[in-house]
Amino acid sequence: MQKKIKTALISVFYKDGLEPIVQELHANGVNIYSTGGTQQFIEALGIPCIPVESVTSYPSILGGRVKTLHPKVFGAILGRRDVPQDLEEMKQYEIPEFDLVIVDLYPFEETVASTSEEKLIIEKVDIGGPSMIRAAAKNFRDLAVVASRDQYPSFLELIKSQHCETSIDQRRSLAAKAFEVVAHYDVAIAQYFNTGEEHFLASFPSPKSMRYGENPHQPAVFYGDNSKLFTQLNGKELSYNNLVDADAAMQLIREFANQTVVFAIIKHTNVCGVAQRDRVAEAWKAALAGDPESAFGGVLVTNGTVDAATAREINEIFFEVLIAPDFDADAMEILKTKKNRILLKQHTQVAYGKMFKSMLNGVLTQKQDEGNFEKWEEKGGRDATPEEKDDLLFANLVCKHLKSNAITLVKDKQLIGKGCGQTSRIDSLRQAIEKSKQFNFHLKGAVMASDAFFPFDDCVEMGHAAGITAYIQPGGSIRDIDTITYCQKHHLALVITGTRHFRH
């Protein structure tokens, strides 16, 4: 069912992109109603505009809080053109018929992001706008609704190509978008006010279709705006798995913000190589040495500027993504020789806050695992040396970013062995020791971190036999005393942190 647009109500906050729409409506003989700043904008274009006040007989009042909230305005939107009683009442009360409603809401989210002053934030809670959008969307059989300036270009194309006519399918599609816009707006406001939630509330705009999901047969969409986090300088479009690994990489490097250079290699969200050194090239070489086999096809991340020397080294292997705060110009020349290689310049650290995932028939939420440890209790046969302490801190942070059960072996701030995703802790340790042997590392003087408590003393016993001299774990096992006693008897350092770092 085609409908000709004869009248339009326009009330928007941002006027960008509105002019060509107004010009097109006017060229097609559409009568335009408006109020406030939008009315002034339209009239400044030399286009006649009917003030909403002439319909309502009320001026804009209460500092602009009440402009369009009136039965005649909402009657003009909600009146059903195929219901005789509605038409009779509209005629009786001199209510016009609106065929189009264009609204752009007050910028609530932008205001929250730019100020903490509650008075300013509250004034950007739009009342009339969402009400008009919902009303117009509800009555999509009789009128079209444009609920965001993001729709201006597509809507302009529509009215140009169809001479200001719309089909029922187009109006239904516009209505669906309108309800999405209002829902997102309401969630943002609820999140600002709510300290404790009775409902799970989340809304992310800007959907982007992925080539596919985790596997080729799985469709996938990403919702969000990554341009706030990084700029892509080179390479193909980020895939679903690229995004998952990039998130893991940025979570890890966030732990080392404002510290000496760290370079890390991520594979399937697990750290397979990481080291801290004075220079980026040195950190890269040490990270790669930890597991050069697993590094193939990985995601790389550093907190230092990538220079030409580092770029030449990195260029020797195949990798999917490289994330860094900056790249020297000559480094970019080297790295961009592979057109599909993804290079991301990171602008800021990810602010995680609440994490969530779909689970069974609901959603599971939790706070981000922040920090390294709650306490530092030396429980072994001696205190850790300064060098061991540095390595224990490093090992514990890295262990936090491996799938449980997780074990990390570190020496001189270099990951030299790791075990993760095993069903028993001792198996993870076996894996870690084998990895270290595979790449010719000597464990004498190395340290070990565990993401959760040692249930028995078998881990420290096996580690001791391999040459490991210091251990860090959260503690909490009913058999902690067995591990403590073993370390005390064999003059090994043991730190209890009180903080578990499970990762599933």
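Refer to the preceding data block for the structure.
What counts and what doesn't
Every chain is numbered independently, its residues counted from 1 as its sequence is written. With pLDDT at 70 or above as the cut-off, local features in this predicted model cover only qualifying residues; side-chain atom pairs require 80 or more to be listed or tallied, and sums for whole chains, interfaces and linings still use all residues. Hydrogen atoms and water are omitted, and side-chain values are computed over all heavy atoms in the structure. Each helix is a run of DSSP H or I of at least 4 residues and each strand a run of E of at least 2, with the numbering of both proceeding from the N terminus. When we talk radius of gyration, it's over C-alpha atoms, and the globule rule is simply 2.2 Å times the number of residues to the 0.38. Relative accessibility under 20% of the residue-type maximum defines a buried residue, over 50% an exposed one, and the middle range a partly exposed one, all with a 1.4 Å probe and only protein chains included. In what follows, residue pairs with any heavy atoms lying within 4.5 Å of each other are defined as contacts. Accessibility throughout is a Shrake-Rupley quantity obtained with a 1.4 Å probe, and a residue counts as covered only by protein chains that appear here. When charges are counted, Lys and Arg are positive and Asp and Glu negative, with His and the chain ends excluded. Charge placement uses NZ in Lys and CZ in Arg. For Asp and Glu, CG and CD serve respectively. Under the pairing criterion, centres of Phe, Tyr and Trp rings, with the six-membered ring standing for Trp, must be within 6.5 Å; the plane angle then separates stacked pairs below 30 degrees from edge-to-face pairs above 60, leaving the rest tilted. The rule is short: NZ of Lys or CZ of Arg within 6 Å of the ring centre and within 35 degrees of the ring normal puts a charge over the ring. Pairing of N or O atoms within 3.5 Å defines a polar contact, subject to two protein rules: one partner must be a possible hydrogen donor and the other a possible acceptor, and residues neighboring in sequence count only if both atoms are side-chain atoms. Two strands pair under a simple rule: DSSP has to find at least two bridges between them. Fitting a line to C-alpha atoms yields each axis, with helices limited to the stretch in contact; the angle taken between N-to-C directions then spans 0 to 180 degrees. Remark: nonpolar core denotes a set of buried residues (Ala, Val, Leu, Ile, Met, Phe, Trp, Tyr, Cys) joined through side-chain atoms within 4.5 Å. Oblique is the label for any angle not under 35 degrees, not over 145, and not in the 65 to 115 range, which are roughly parallel, roughly antiparallel and roughly perpendicular in turn. Handedness of a crossing follows from how the near helix is turned relative to the far one, being left-handed for an anticlockwise turn of less than a right angle and right-handed for a clockwise one.

Concerning the overall build of the protein chain
Point 1. Within the protein chain, the regular secondary structure consists of 18 helices and 23 strands.
Point 2. Relative to a compact globule of 504 residues, whose C-alpha radius of gyration would be 23 Å, the protein chain shows 31 Å and is clearly more extended.
Point 3. Overall size of the protein chain, expressed as C-alpha extent along the three principal axes, is 95 × 50 × 40 Å.
Point 4. Relative to its 504 residues, the protein chain shows a buried fraction of 49%.
Point 5. Long-range pairs, those at least 24 residues apart, make up 57% of the contacts in the protein chain with a sequence separation of at least 6.
Point 6. If you sum the accessible surface of the protein chain, you get close to 24900 Å²; carbon and sulfur atoms cover 51% of it.
Point 7. If you average the places of the 56 positive and of the 65 negative side-chain charges in the protein chain, the two averages end up 2 Å apart.

Observations concerning the packing of aromatic side chains
Each aromatic ring pair is characterised by the separation of its centres together with the angle its planes make.
Point 1. Scanning all chains against the criterion turns up 11 aromatic pairs.
Point 2. A centroid spacing of 5.1 Å and a plane angle of 85 degrees characterise the contact between Y192 and F193, whose relative ring orientation is edge-to-face.
Point 3. On the basis of relative accessible area, F193 is assigned to the partly exposed category, the value being 46%.
Point 4. Three or more aromatic residues joined by ring pairs form one cluster here, namely F108, Y185, Y192 and F193.
Point 5. Taking the ring centre of W376 as reference, the NZ or CZ of K389 above it sits at 5.2 Å.

Brief notes about the side chain of D126
Point 1. Its location among the elements puts D126 in the loop between α7 (118-123) and α8 (128-138).
Point 2. For D126, the side chain forms a polar contact with the main-chain nitrogen of G129, separated by 2.9 Å.
Point 3. Not counting chain neighbours up to four residues away, the residues in contact with D126 comprise L105, Y106 and Y185.

Quick look at the sheet that holds strand β4 (residues 50-51)
Point 1. Taken in spatial order, the 5 strands line up as β4-β3-β2-β5-β6 in an open sheet, and their pairing is parallel. The sheet terminates laterally at β4 and β6 (144-146), the two strands that pair on one side only.
Point 2. Of the pairings in the sheet, the one linking strand β2 (residues 7-12) to strand β5 (residues 100-104) comprises 5 bridges and is parallel in character. By the bridge assignment for β5, V12 is matched with D104.
Point 3. Across the sheet, α8 is in contact with β2, β5 and β6; its angle to β5 comes to roughly 145 degrees.

Points about the pairing of strand β17 (residues 362-367)
Point 1. Sheet topology places strand β16 (residues 354-359) next to β17; 6 bridges connect them, and they run antiparallel. Residue pairing in the sheet places K357 in a bridge with L364 of β17.
Point 2. Connecting β16 to the next strand, β17, in antiparallel fashion are 2 residues, including L360 with a positive phi near 50 degrees.

Structural notes on the nonpolar core
Point 1. Ranked by internal contacts, the top residues of the largest apolar core, which has 58 residues, are L25, I77 and I102.
Point 2. With 9 residues, the single largest contributor to this core is helix α10 (residues 168-193).
Point 3. With residues near it in sequence (within four places) discarded, I102 still touches L9, I10, S11, V12, L18, I21, L25, V146, Y152 and F155.
Point 4. The next biggest cluster of nonpolar side chains, apart from the first, holds 44 residues, and it includes F230, L392, L415 and V447.

Things to note about the packing of helix α1 (residues 19-27) against helix α9 (residues 152-161)
Point 1. Two numbers describe how α1 lies on α9: the axes approach to 10 Å, and their chain directions differ by 20 degrees. When the axes of α1 and α9 are compared, the pair comes out roughly parallel. Here α1 runs over α9; the crossing is left-handed. Of the residues in α9, those in contact with P20, I21, E24 and L25 of α1 are Y152, F155, L156, I159 and K160.

Some details on the side chain of H184
Point 1. Secondary-structure assignment places H184 in helix α10.
Point 2. Classification of H184 by relative accessible area gives buried; the value is 15%.

Some words on the pairing of strand β19 (residues 407-410)
Point 1. Along β19, one buried face is formed by I407 and L409 and the opposite face, lined by T408 and V410, is buried too.
Point 2. Relative to strand β20 (residues 415-419), β19 runs antiparallel, the two being bridged by 4 bridges. Paired with V410 across the two strands is L415, which belongs to β20.
Point 3. Linking β19 back to β20 in an antiparallel pair, the connection comprises 4 residues, with D412 at a positive phi of about 55 degrees.

Considerations on the environment of T469
Point 1. Summarising the element assignment, T469 is placed in the loop between α17 (458-466) and β22 (470-473).
Point 2. Separated by 331 residues in sequence, T469 and K138 place their C-alpha atoms 70 Å apart.
Point 3. Once residues within four sequence positions are removed from consideration, T469 is found in contact with R382, E388, G445, A446, L492 and A493.
Point 4. A distance of 2.9 Å separates a polar atom in the side chain of T469 from a polar atom in the side chain of E388.

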